[in-house]
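Overview (structure and organization)
The residues making up each chain are set out below.
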Amino acid sequence: MGIFLTIVTFAGFSLLFLVLTFSFLIVKIYSSKSFRDPSYPPVTGTVFHQLFHFNRLYDYQTEVAKKQPTFRLLAPAKSKIFTTDTRNIEHILKTNFDKYAKGEYNQDIVKDLFGQGIFAVDGEKWKQQRKLASFEFSTRVLRDFSCAAFRRNAAKMVKAVSEFATPDRVFDMQDILMRCTLDSIFKVGFGVDLNCLDGSSKEGKKFIKALDESNAFIYWRYIDPFWKLKRLLNIGCEASLKKNIKVIDDFVHKLISTKRNLLAMQEDCNEKEDILSRFLVASQEDPEKMNDKYLRDIILNFMIAGKDSSANTLSWFFYLLCKNPLIQEKIAQEVGDVTGNQEKEINFDDFAANLTDETLEKMHYLHAALTETLRLYPAVPVDGRNAETDGILPDGYRLRKGDGVFYMAYAMGRMPYIWGEDAEEFRPERWLKNGVFQPESPFKFIAFHAGPRICLGKDFAYRQMKILSMALLRFFRFRLADETKIVTYRTMLTLHMDGGLHLRTISRKN
Ligand code: HEM
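Read on for an overview of the structure. Remember, it's a predicted structure, so these values are computed and weren't measured experimentally. (Residues numbered from 1 in each chain as written. Predicted model: local features only at pLDDT ≥ 70, side-chain atom pairs only at ≥ 80, totals over all residues.)

1. Let's talk about the overall build of the protein chain
Looking only at helices and strands, the protein chain has 20 helices and 15 strands in total. Compactness check: the protein chain gives a C-alpha radius of gyration of 24 Å against a globular reference of 24 Å for 510 residues, within 12% of the reference. When the 510 residues of the protein chain are sorted by exposure, 41% land in the buried category. Counted over contacts in the protein chain with a minimum sequence separation of 6, partners at least 24 positions apart contribute 75%. (Helix = DSSP H or I, 4+ residues; strand = E, 2+ residues; numbered from the N terminus. Rg over C-alpha atoms; globule rule 2.2 N^0.38 Å. Buried ≥ 20, exposed ≤ 12 C-beta atoms within 10 Å, placed from the backbone. Contact = placed C-beta atoms within 7 Å.)

Following this line, the structure appears as structure tokens:
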């Protein structure tokens, strides 16, 4: 009886605590938010709507944005403003760059994982990293080194896929793409051969699992109003996040110290090719500021930037090609025309080795199809900034200091008022004029962000995606294993395909 009473009392108090917390949040949410004032964006709900629609969050945003290009969700301490208006986006990301920062709100959420890396910081810290990284990314050494890694891994990937090239075999394309781009980013980022495609190291596997889980847990913090309490109590996903971050830290610190020792033994420092070694050389000029913790943050941010984005985009690309077989054939035709070896017998390694920068630049239709994929399935589906002062957006709506302003890249790709009535159609031709690729304003095609913080790896990503897709489409034809299966995303920081991409493939004639 005593135990029963204790349980009932405990449950009662817990329920009371939950009801009180919830009521407090609701009062906080609705107090002093000017939610009936038409000079602020119309309120379409509270942050709890995001929780409710979590599994199809970006489609929920799309439905709302079709009726209301700029809208507001109320949160306990502030409002969250969501927009698809390209004028607002230019205002936030470029014209008023200094007034919209990542801000404390975002930093609070991401800093356990991103530390003081380029994704998390503002001001001087960001400027310094941006300058150094822009310089490194523009060097011929890094460009040549990365392209060589992409070509080698493309040949390996083609070999891996050839194992499945019989009509009865089904394989997970997203998984293979992830492993392949991971090998590339490891090589380019750390100078290390992870060999994930053909049997990976145990330690590397553990690191990647920890990185993926942390990505999802960090995203959850944007949705869960109780995450700080959970972190304090070290319970639930916050406890798992902590464990995962420890795995990540140990791995990266070990790599840094191994590289440091290697570097000390080698003399010709300027010829270092991978990103970590290049930053280590740069750190010799300011060892106090660029200590191991800072290097951990820099390198991990690059890892996160480059790891999933290209593989996710390529997964959606192959999905769209399966849904549109004529477009798949058109790209294969372009590969043949540009490389001039459609009829010739050629092995995987030789084909990949011949994919020079010059060849890649001639692939206008492929470039258009990849861009069209990113328009509909942007790797970062929602991104945002924090208002540092009260202000007025170009569409006339006011916002308050501390409000979050988010642009919805996924929803934008589906807005008829941005892309026309056929917005939801996959049509690479919309990017071509007389067969030549025509870029769009970055505020309209926002997949790579825009303004001073535009993605630093854009060219790098296109090169990698082009090399991989050219190699795959030269040798294989793809189709979905199950045409009736609904393919959708898993809601997290990047647009990851939920449950993988299950395909069948057959060889093209060699
Ligand atoms: C399809 C591939 C990619 C897409 C769609 C993409 C998209 C983006 C987006 C949306 C941002 C802005 C994020 C923010 O607000 O903080 C960004 C920033 C960035 N990206 Fe990419 N990215 C891709 C690939 C890469 C790769 C391969 C690298 C490098 C290895 C890279 C490096 C960066 C860096 C360093 C930033 C931070 C820039 C700054 O804050 O100044 N990205 N990218």
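2. Points about the site of the ligand
Near the ligand there are 23 residues, and of these A305, G306, S309, C455 and G457 occur at the shortest range. Contributions of two or more residues to the shell around the ligand are made by α6 (123–138), α13 (292–323) and α20 (458–475). Take the shell around the ligand: its biggest share by element is 6 residues, from α13. Its residues assigned to classes, the shell around the ligand shows 14 nonpolar, 6 polar and 3 charged. (Near = placed C-beta within 6 Å. Nonpolar A, V, L, I, M, F, W, Y, C, P; charged D, E, K, R; others polar.)

3. As for the nonpolar core
Counting 116 residues, the largest nonpolar core has I299 and A471 as its most contacted members. Counting residues per element, this core draws most heavily on α13, at 16 residues. Other than its neighbours up to four places away in sequence, A471 contacts A154, A155, M157, V158, F351 and A352. Counting residues in hydrophobic clusters, the runner-up holds 13 residues, among them V110, A120, V121 and L456. (Core = buried A, V, L, I, M, F, W, Y, C linked by C-beta atoms within 7 Å.)

4. Some details on helix α5 (residues 103–114)
With 12 residues, α5 extends just 14 Å between its outermost C-alpha atoms, more than 12% less than the 16 Å of an ideal straight helix rising 1.5 Å per residue. Taken as a whole, α5 has its buried residues at N106, V110, L113 and F114. Angular distribution of buried residues about the axis of α5 spans 55°; they occupy a single face of the element. Buried residues in α5 make contact with α9 (202–223), α11 (236–265), α13 and β6 (382–387). G115 sits one or two residues past α5 and shows a positive phi near 55°. (Expected span 1.5 Å × (residues − 1). Arc of directions from axis to C-beta.)

5. Focus on the sheet that holds strand β1 (residues 43–46)
Across the sheet, 6 strands lie side by side as β1-β2-β3-β9-β6-β4; this open sheet has mixed pairing. The open sheet has two edge strands with one neighbour each: β1 and β4 (100–101). Bridging between β1 and strand β2 (residues 70–74) involves 3 bridges; their strand directions are parallel. Its bridge partner being in β2, G45 is matched across the sheet by L73. (Pairing = 2+ DSSP bridges.)

6. What about the pairing of β2?
Most of β2 sits inside the fold, with 5 of its 5 residues counted as buried. Where β2 meets strand β3 (residues 79–83), 5 bridges bridge the pair, whose relative direction is antiparallel. Paired with L73 across the two strands is K80, which belongs to β3. Hairpin connection, β2 to β3: the antiparallel pair is bridged by 4 residues.

7. Remarks on the packing of helix α7 (residues 140–162) against helix α8 (residues 173–190)
Remark: α7 packs on α8, axes separated minimally by 9 Å, with the N-to-C direction vectors making an angle of 155°. When the interaxial angle is binned, α7 and α8 end up roughly antiparallel. The crossing of α7 and α8 is right-handed. Note on element contacts: α8 touches α7 through I176, C180, D183, S184, K187 and V188, opposite F145, S146, A149, F150, N153, M157, A160 and V161. Its residues placed into classes, the contact of α7 with α8 shows 9 nonpolar, 3 polar and 2 charged. (Axes fitted to C-alpha atoms, helices over the stretch in contact; angles between N-to-C directions. Parallel < 35°, antiparallel > 145°, perpendicular 65-115°, else oblique. Left-handed = near helix turned anticlockwise from the far one by under 90°.)

8. Regarding unusual backbone geometry
The phi angle at N234 is positive, at roughly 50°, despite the residue not being glycine. Topologically, N234 is positioned in the loop between α10 (227–233) and α11. By the C-beta count within 10 Å, which is 11 here, N234 ends up exposed. Backbone geometry places N434, a non-glycine residue, at a positive phi of 50°. Relative to the elements of secondary structure, N434 occurs in the loop between β10 (432–433) and β11 (436–437). Note on N434: 6 C-beta atoms within 10 Å, which makes it exposed.

9. A short note on the sheet that holds strand β12 (residues 476–480)
Hydrogen bonding along the main chain pairs the strands of a sheet, whether they run parallel or antiparallel. Across the sheet, 3 strands lie side by side as β5-β15-β12; this open sheet has antiparallel pairing. The open sheet has two edge strands with one neighbour each: β5 (171–172) and β12. Alignment of β12 against strand β15 (residues 502–507), held across 5 bridges, turns out to be antiparallel. Note that in β15 the partner of R477 across the bridge is I506.

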